[in-house]
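Single-letter residue listing:
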Amino acid sequence: MCGIIGYVGHQQALPILIEGLKKLEYRGYDSSGVGIICLDEPKIMIRKCEGKICNLQELLKTHGLPESTIGISHTRWATHGVPSRVNAHPHSDCSGKILVVHNGIIENYQELKSVLVKKGHKFLSQTDTEVIAHLIEEHSEKDFLTAVQKTIRQLRGAFALGVIHSDHPETLIAARIGSPLIIGLGKNENFIASDVPAILDRTAKVIYLKDGELALLRKNLVQVYTFAGKSVRPKIDQVSFTVGSVHKEGFAHFMLKEIHEQPNVLTQMFSSRIKGFQIHLEGLQLTDAELKGFDQMMIVACGTAYHAGLVGKYIIEKLAGISVAVDVSSEFRYRSPIITPKTLILAISQSGETADTLAAVKEAKAKGAKIISICNVLGSSLARESDGVLYTHAGPEIGVASTKAYTAQLAMLYLLALKLSRVRKKISRKTSQELIKDLKEIPSLYQRILKHTQSISRIGHDNAHFGCFLFLGRNLNFPSALEGALKLKEISYIPAEGYAAGEMKHGPIALIDEYRAVVCIAVQSDTYEKMISNIEEIRSRRGKIIAIATEGDDSIKERVHEVIYIPSTNPLLTPLLVALPLQLIAYSIATKRGCDVDQPRNLAKSVTVE
Ligand code: AGP
């Protein structure tokens, strides 16, 4: 995680750095800092503080920095050392001439630090980053570039770096391995950033620095080298996308706005991807013959995207008859997956920058697998690593809790499953057409659910005092239960567990008493009767039950304390509908408890460390 932005050029660096930093706040927001070279002396000067970037802006109002045309800045998501001013970046060396910002983890920092301490270096922070500044200082008898190169070769782990040195006030050095870093090319100015949107209103000309590359930037020069020191001719890309609107538009939070954007996101996806009854998956880069040829799929993803993948397993196996394994990305690479030439890997990620998912994809690629991805962010690292990409085009998702990106991932998985099933002739044309018709109805069913936002919020508010929640579902709504629990815990900090309802009697039932709330997904399906039996079991143990049921199911009211109805649809599509009340429950409980729903504690929107 963490966001980096650096500048060298002809303009005042500070406003550029702060503005860029604000656009990277989704990567972490526990502390932030900025460092410049005061060109008159020259010397480095830093300002940093705990908390969000607005705190840094406040600090700069009272403790400004002199004019400078070179600087680096950082927004942090703590790995080593608590969120604090001291641990915030940039970090410096003993001479106070070198400044470093870093994203990632230096795995061997302890051993490096011990050696440096023995040599007399004084450390101020608990971070792994600080060793980098001291190591560069150690190598400072060499020129700046060589000193950084020598340092980098001593580091193990994943990192992206920005470095400046007051003895070299015209030079900014950047390097990456594992963690993303781009270079923005301007006229008489150049930038480094963790992500394109941070600089997109300044330049659309970028170099995606590759793993194991280091760059030297001056205002009118960019040179790229391998870590070994070999000069590289970088590819310059012209970014063709723009960054969409990032305003709350009258909603209290981005999360609420994004929940309400879901009808639109799906309408747009279906209108561009479904023509008549044909599914068009431009970007997939696989011929029908190739799609027929795979005999297994492996889905890798994290968090909410993993839950979308689990739903994907149910629908792809059911509709297309291909066996699907789903792994959380961080486990995939360590379990020796058996990948054959007939294996298709599908990575799912909103950001396309999730380090675990990228690592899983690289692992699968190394074993010769074909990689496709479902991704929201255009031009992301995942998109660039994949052979084919299905963009969800859900627009920027700012709230840390994924909402519209999740339902867009689900919708894309339905389209993929339908495509695979038609190519492999697993379902009849008629069944496929009926399902497509039902799918196209989903956005209007969303509108109907969202009309009940207030009554769903009332249920959330009335139950916000519970200290523990269970979410239960069966079959393809078992992943919905997992997602409901994740949504609640990440924004309200209430312990919540998602379970397959049939598994409840194997342990979780021990939790149930009048102090626990249980959200039961009891929509019409083949497993409805079984779900009702589970509800009875909870009732007998006095658990407080909130049911999500299908309109018209009046009898359920007698068995539960609260019911949220969703419109009737094809049972196979219910995960798409169930998602909305689950999001609204989590949102209303969290806001009732006064939590910061858009930027929950300890989290970041894009998880770029393994
Ligand atoms: C979702 O609400 C979470 N904040 C988180 O689990 C997220 O889905 C996960 O980190 C994966 O992110 P990605 O989709 O960008 O890869």
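Residues numbered from 1 in each chain as written. Predicted model: local features only at pLDDT ≥ 70, side-chain atom pairs only at ≥ 80, totals over all residues. Heavy atoms only, no water.

Caption draft 1: Local environment of the environment of Lys292. With respect to the secondary-structure elements, Lys292 resides in helix H8 (residues 288-293). Through-space distance from the C-alpha of Lys292 to that of Arg424 is 5.7 Å; in sequence the pair is 132 residues apart. Look past the residues within four positions of Lys292 in its chain and what remains in contact with it is Val423 and Arg424. (Helix = DSSP H or I, 4+ residues; strand = E, 2+ residues; numbered from the N terminus. Contact = heavy atoms within 4.5 Å.)

Caption draft 2: Molecular detail of the site of the ligand. Surrounding the ligand, one finds 15 residues, the nearest of these being Ser349, Gln350, Ser351, Thr354 and Glu490. Taking Thr304, its main chain carries an N or O atom lying 3.1 Å from an oxygen atom of the ligand. The contact in question runs from an oxygen atom of the ligand to an N or O atom on the side chain of Glu490, over 2.4 Å. When contributions to the shell around the ligand are tallied by element, the ones reaching two or more residues are helix H9 (303-320) and helix H16 (478-492). (Near = heavy atom within 4 Å. Polar contact = N/O pair within 3.5 Å; in protein donor to acceptor, adjacent residues only side chain to side chain.)

Caption draft 3: Region of the structure containing the nonpolar core. In terms of nonpolar packing, the biggest core is built from 97 residues, with Phe469 and Leu576 touching the most fellow members. Top contributing element to this core by residue count: helix H13 (residues 404-423), with 13 residues. Residue assignment places this core across two domains, with domain 2 (244-440) and domain 3 (451-610) each supplying three or more. Not counting residues within four places of it along the chain, the set of residues in contact with Phe469 comprises Asn463, Leu488, Ile494, Pro495, Ala496, Glu497, Ala517, Val519, Ile546 and Ile589. (Core = buried A, V, L, I, M, F, W, Y, C linked by side-chain atoms within 4.5 Å. Buried < 20%, exposed > 50% of the residue type's maximum accessible area, 1.4 Å probe, protein only. Domains from an automatic or database assignment.)

Caption draft 4: Seen up close, H13. Given a rise of 1.5 Å per residue, 20 residues ought to cover 28 Å, and the 29 Å separating the end C-alpha atoms of H13 matches this to within 8%. For H13, a buried count of 19 out of 20 residues is recorded, marking the element as mostly surrounded by other parts of the structure. Positive backbone phi, at 50°, marks Lys425, one or two positions downstream of H13. (Expected span 1.5 Å × (residues − 1).)

Caption draft 5: Seen up close, the environment of Glu138. Assignment of secondary structure puts Glu138 in helix H4 (residues 130-138). Linking Glu138 and Tyr406, residues 268 residues apart in sequence, is a C-alpha distance of 48 Å. One polar contact links Glu138 to Lys119, side chain to side chain, over a distance of 3.2 Å.

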